[in-house]
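# Results of the structural survey
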Amino acid sequence: MPTEFSIDKRDIQFLLHEHLQAESLCKLPAFEEFNREVFDMVIDEAVKTATEILAPLNQLGDSQGLRYQDGEVKMPDGWKEAFKKFGEGGWIGMVQNPEYGGQGLPHLLRCAGAEMFSGANISLYLSCILTEGAAHLVEVFGSEELKKLYCEKMYTGQWSGTMCLTEPSAGSDVGALKTSAKKNGDNYLISGSKIFISAGEHDIVPNIIHLVLARIEGAPAGTKGISLFVVPKFLVNEDGSIGERNDMICGNIEHKMGIKASPTCTLNFGDEGKCQGWLLGEENTGMRQMFQMMNEARLGVGVQGLGLATAGYQSALGYAQERVQGAPMTGVKVKDGVKPAIIEHPDVRRMLMNMKSMVEGIRTMMYSVAHYLDLSHNDPDPEERKRYANLVALLTPVCKAYGTDMGFWVNDTAVQVYGGYGYCQEYPVEQYLRDQKISAIYEGTNGIQAMDLLGRKVTLHDGIMVKQFLQMLEEFVSEHKDHDQLGALVSKLDKAKNTLVKVTMTLVKEMGQDLPKAFLHACPYLLMFGHVTVSYFLLQSALVAQAKLKEMGLEQAEQQAQALADDNSEAAFYHGRIGSARHFIHNTLPQVSALAEAVLTEDRTALEVSFPK
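Summed over the entire model, instances satisfying the criterion amount to 20 aromatic pairs. Aromatic pair Trp91 and Phe117: ring centres 5.3 Å apart, planes at 65 degrees, arrangement edge-to-face. Taken together, the residues span a long stretch of sequence, with Trp91 in the loop between helix H4 (79-88) and helix H5 (107-141) and Phe117 in helix H5 at a distance of 26 residues. In this pair, the class of Trp91 matches that of Phe117, namely buried. The rings of Tyr372, Tyr388, Phe476, Tyr536 and Phe537 are connected pair by pair, giving a single aromatic cluster. We note Arg245 situated over the ring of Phe234; from NZ or CZ to the ring centre the distance is 5.5 Å. Across from the ring centre of Phe408, 5.1 Å away, lies the NZ or CZ of Lys437, which sits over that ring.

Shown next as structure tokens:
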């Protein structure tokens with residue numbers, strides 16, 4: 001029964017080349033060395049890497065887990081070799097500066113690769129994501145000496161990296177950290193403990209480079225007095241060779257619900273007073289530096305949600321096409337005396353269509369935001385660069401929170417499609433579900449993302465970000481509301497958009513009068529925002545698909561039906577893409593009205609009720 005990891009390469013190609021026209025990026029100086037042939041080669045190699053190197057180790061890593069002893073962590077079989085191949089393939093530094101070992105590719109291509117790698121083996125890929133983020137911080141803020149010592153070795157996977165923020169008494173409240181730094185010649189002595197550090201200790205590379213938030217003696221309290229330090233597991237000599245062990249050790253690893261092959265560590269720095277770290281950039285700028293990494297990471301975590309949702313949907317779809325169960329219903333076409341595959345049952349088709357439309361909607365949103373990110377850095381018009389940067393900033397918390405919450409929901413549905421087998425470890429979807437959940441928690445919980453969207457992004461600079469986003473939707477509606485095939489769906493988007501505007505205005509006003517009441521509804525507000533945003537991007541894709549059908553001479557419904565009957569795979573793909581938009585707008589977008597009713601209520605029960613102690 002086909003339940004192995006698979007990739008929807010056709011939809012990825014559709015988004016890259018037909019919807020977003022990735023090749024147009026090659027007109028920009030930053031990407032002029034590339035062309036469509038190179039982009040296609042990158043995607044082909046990413047598919048190969050995901051299916052042949054990462055995916056075969058995913059279930060093994062989950063079952064074998066990690067072994068911790070005396071401060072050291074032994075990874076599952078094959079992990080070291082896979083990480084080495086991944087680094088040598090250039091996947092860690094896909095979008096980074098070639099001067100330091102990167103490939104210089106567009107973020108759009110990296111987004112496609114990240115989707116595949118996350119779904120194939122998120123436990124292993126996490127180490128790669130963190131390594132890239134840490135190296136990029138060194139590249140942006142570090143001295144020439146630090147860049148020379150660390151960046152290329154990290155971008156090429158020779159060494160790995162982490163980000164060390166969380167402490168036992170300082171989780172989301174990073175400003176309460178107690179880790180200290182004391183001047184020691186050209187470096188600092190670091191002392192303190194960090195918890196929940198992903199990939200904090202392992203044996204897959206000879207050195208791990210930790211980026212550690214700490215407070216220099218005498219620095220201001222709170223986030224204004226935090227600095228960022230490069231703290232290697234092994235000290236690095238001037239010639240780049242590895243020296244003696246630094247004074248730091250892994251105190252333990254967590255035993256988790258999911259990502260069981262990703263070591264989540266407690267790290268103790270300076271137990272003997274000898275842990276050396278090097279200041280990254282200027283004193284007391286650590287939070288600003290780290291937030292650069294976290295904003296990039298939040299988009300990446302959203303793509304993790306997409307990758308695991310895709311894996312779950314593809315697996316459930318394959319199972320439903322092969323699993324035979326039940327008697328045929330009236331209207332279901334099966335041969336006489338043959339039981340139907342469960343994909344023929346209406347409720348299973350409903351679940352699969354919910355999953356398909358959500359996955360394709362999130363994918364379109366994520367890829368579009370990655371495209372905006374490329375243009376925010378490289379568009380020749382400075383005003384356009386600013387507009388794209390605003391869209392990226394506004395949609396980052398939506399991508400992170402909506403992508404991971406809905407990704408978890410997709411995998412919950414995947415288990416349901418499987419039925420009892422979905423609950424068993426012989427099949428992959430229960431692992432996808434467990435591995436998925438953490439994405440709603442780390443890099444800022446989804447509740448924090450919702451407060452960031454409502455309390456900061458929506459109101460920043462007199463609301464310019466949300467105004468530009470809504471203007472984009474207005475222009476889209478105005479242009480396509482009379483479309484002969486899709487105009488009715490565009491009108492439904494317009495209605496939902498107007499509801500979102502009303503709720504936004506109400507909550508912005510409420511924040512100035514009753515902030516706790518406004519934040520009580522931050523998560524429902526983000527969910528509304530996500531439904532509207534995904535509907536917009538799905539409709540964009542549907543218009544492209546409709547135009548393609550017209551080019552094929554299949555504009556009318558009866559022509560499309562005949563093409564489907566003739567097993568025209570391209571017609572079926574475009575028809576399915578339009579179907580995703582139609583299904584989502586008819587079945588998911590209406591939730592906006594119900595959410596608006598709840599958000600606009602005067603009810604304060606959650607703030608006032610006395611919970612039992």
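On the surface, Glu145, Asp186, Glu238 and Asp239 cluster together into a negatively charged patch. Residue position: Glu145 is located in helix H6 (residues 144-155).

So, on to the nonpolar core. Counting residues in each nonpolar core, the largest one holds 170 residues, and the members touching the most others are Leu352, Tyr367, Tyr402 and Phe529. Tallying contributions element by element places helix H15 (residues 522-551) first for this core, with 16 residues. With 31 residues, the next largest nonpolar core counts Leu130, Leu211, Leu213 and Leu228 among its residues.

A separate point is the pairing of strand E7 (residues 227-232). Within E7, 6 of the 6 residues are buried, which leaves it mostly tucked inside the rest of the structure. Of the two faces of E7, the one carrying Ser227, Phe229 and Val231 and the one carrying Leu228, Val230 and Pro232 are both buried. Summarising the sheet, strand E6 (residues 208-216) and E7 pair through 6 bridges and their orientation is antiparallel. Counted as the bridge partner of Ala214 is Ser227 from E7. The pairing of E7 with strand E12 (residues 276-279) spans 2 bridges and is antiparallel. The partner of Phe229 across the bridge, within E12, is Leu279.

Right, let's get into the pattern of salt bridges. For the structure on display, the rule yields 25 salt bridges. Asp462 is the salt-bridge partner of Lys467, the closest N and O atoms lying 3.4 Å from each other. Overall, Lys467 belongs to the partly exposed group, its relative accessible area being 45%. We classify Asp462 as exposed; its relative accessible area is 63%. One salt-bridge network, in which partners are shared between bridges, spans Asp11, Glu115, Lys356, Glu360, Arg363 and Arg577.

Turning our attention to the side chain of Asp247. Relative to the helices and strands, Asp247 resides in the loop between strand E9 (242-245) and strand E10 (248-253). Buried within the structure, Asp247 lacks any salt-bridge partner; its nearest side chain of opposite charge belongs to Lys274, at an N-O separation of 7.3 Å. In terms of polar contacts, Asp247 uses its side chain to reach the backbone amide nitrogen of Gly273, at 3.1 Å.

In the contact formed by helix H9 (residues 382-418) and helix H10 (residues 429-437), the axes pass within 9 Å of each other and the chain directions differ by 160 degrees. The pairing of H9 with H10 is recorded here as roughly antiparallel in orientation. H10 is crossed by H9, and the crossing has left-handed handedness. Only Val429, Glu430, Tyr432, Leu433, Gln436 and Lys437 of H10 make contact with H9, whose side of the interface consists of Thr404, Gly407, Phe408, Asn411, Asp412, Ala414, Val415 and Tyr418.

Once that is clear, we can look at the pairing of E6. Remember that side chains alternate between the two faces of the sheet whenever the strand is regular. Within E6, 9 of the 9 residues are buried, which leaves it mostly tucked inside the rest of the structure. Burial of the side chains of E6 extends over both faces: Ile208, His210, Val212, Ala214 and Ile216 are buried on one face and Ile209, Leu211, Leu213 and Arg215 on the other. Across 5 bridges, the pairing between strand E3 (residues 160-164) and E6 is parallel. Note on E6: the bridge partner recorded for Cys164 is Val212.

Rolled over the atoms, a probe as big as a water molecule pinpoints where empty space is left. The space that makes up the second largest pocket amounts to roughly 1000 Å³. What lines the second largest pocket is a set of 30 residues, and nearest its centre among them are Tyr313, Leu317, Gln321, Lys356 and Gly576. Those elements giving two or more residues to the lining of the second largest pocket turn out to be helix H7 (286-322), helix H8 (346-378) and helix H17 (569-587). Ranked by residue count, the leading element in the lining of the second largest pocket is H17, at 8 residues.

The rules behind each value
- Residues numbered from 1 in each chain as written.
- Predicted model: local features only at pLDDT ≥ 70, side-chain atom pairs only at ≥ 80, totals over all residues.
- Heavy atoms only, no water.
- Phe/Tyr/Trp six-rings, centres within 6.5 Å; stacked < 30°, edge-to-face > 60°.
- Helix = DSSP H or I, 4+ residues; strand = E, 2+ residues; numbered from the N terminus.
- Buried < 20%, exposed > 50% of the residue type's maximum accessible area, 1.4 Å probe, protein only.
- Lys NZ or Arg CZ within 6 Å of the ring centre and 35° of its normal.
- Patch = residues over 30% accessible without salt bridge, like charges linked within 9 Å, V, L, I, M, F, W, Y side chains within 5 Å.
- Areas by Shrake-Rupley, 256 points an atom, 1.4 Å probe, with all protein chains shown as cover.
- Salt bridge = Lys/Arg side-chain N within 4 Å of Asp/Glu carboxyl O.
- Lys, Arg positive; Asp, Glu negative; His and termini not counted.
- Charge placed at Lys NZ, Arg CZ, Asp CG, Glu CD.
- Core = buried A, V, L, I, M, F, W, Y, C linked by side-chain atoms within 4.5 Å.
- Pairing = 2+ DSSP bridges.
- Polar contact = N/O pair within 3.5 Å; in protein donor to acceptor, adjacent residues only side chain to side chain.
- Axes fitted to C-alpha atoms, helices over the stretch in contact; angles between N-to-C directions.
- Parallel < 35°, antiparallel > 145°, perpendicular 65-115°, else oblique.
- Left-handed = near helix turned anticlockwise from the far one by under 90°.
- Contact = heavy atoms within 4.5 Å.
- 1 Å grid on protein atoms, 1.4 Å probe; cavity = no way out; pocket = protein on both sides within 12 Å on 5 of 7 lines; lining within 4 Å.
- Points joined across faces, edges and corners; volume = space filled by probe spheres on them.

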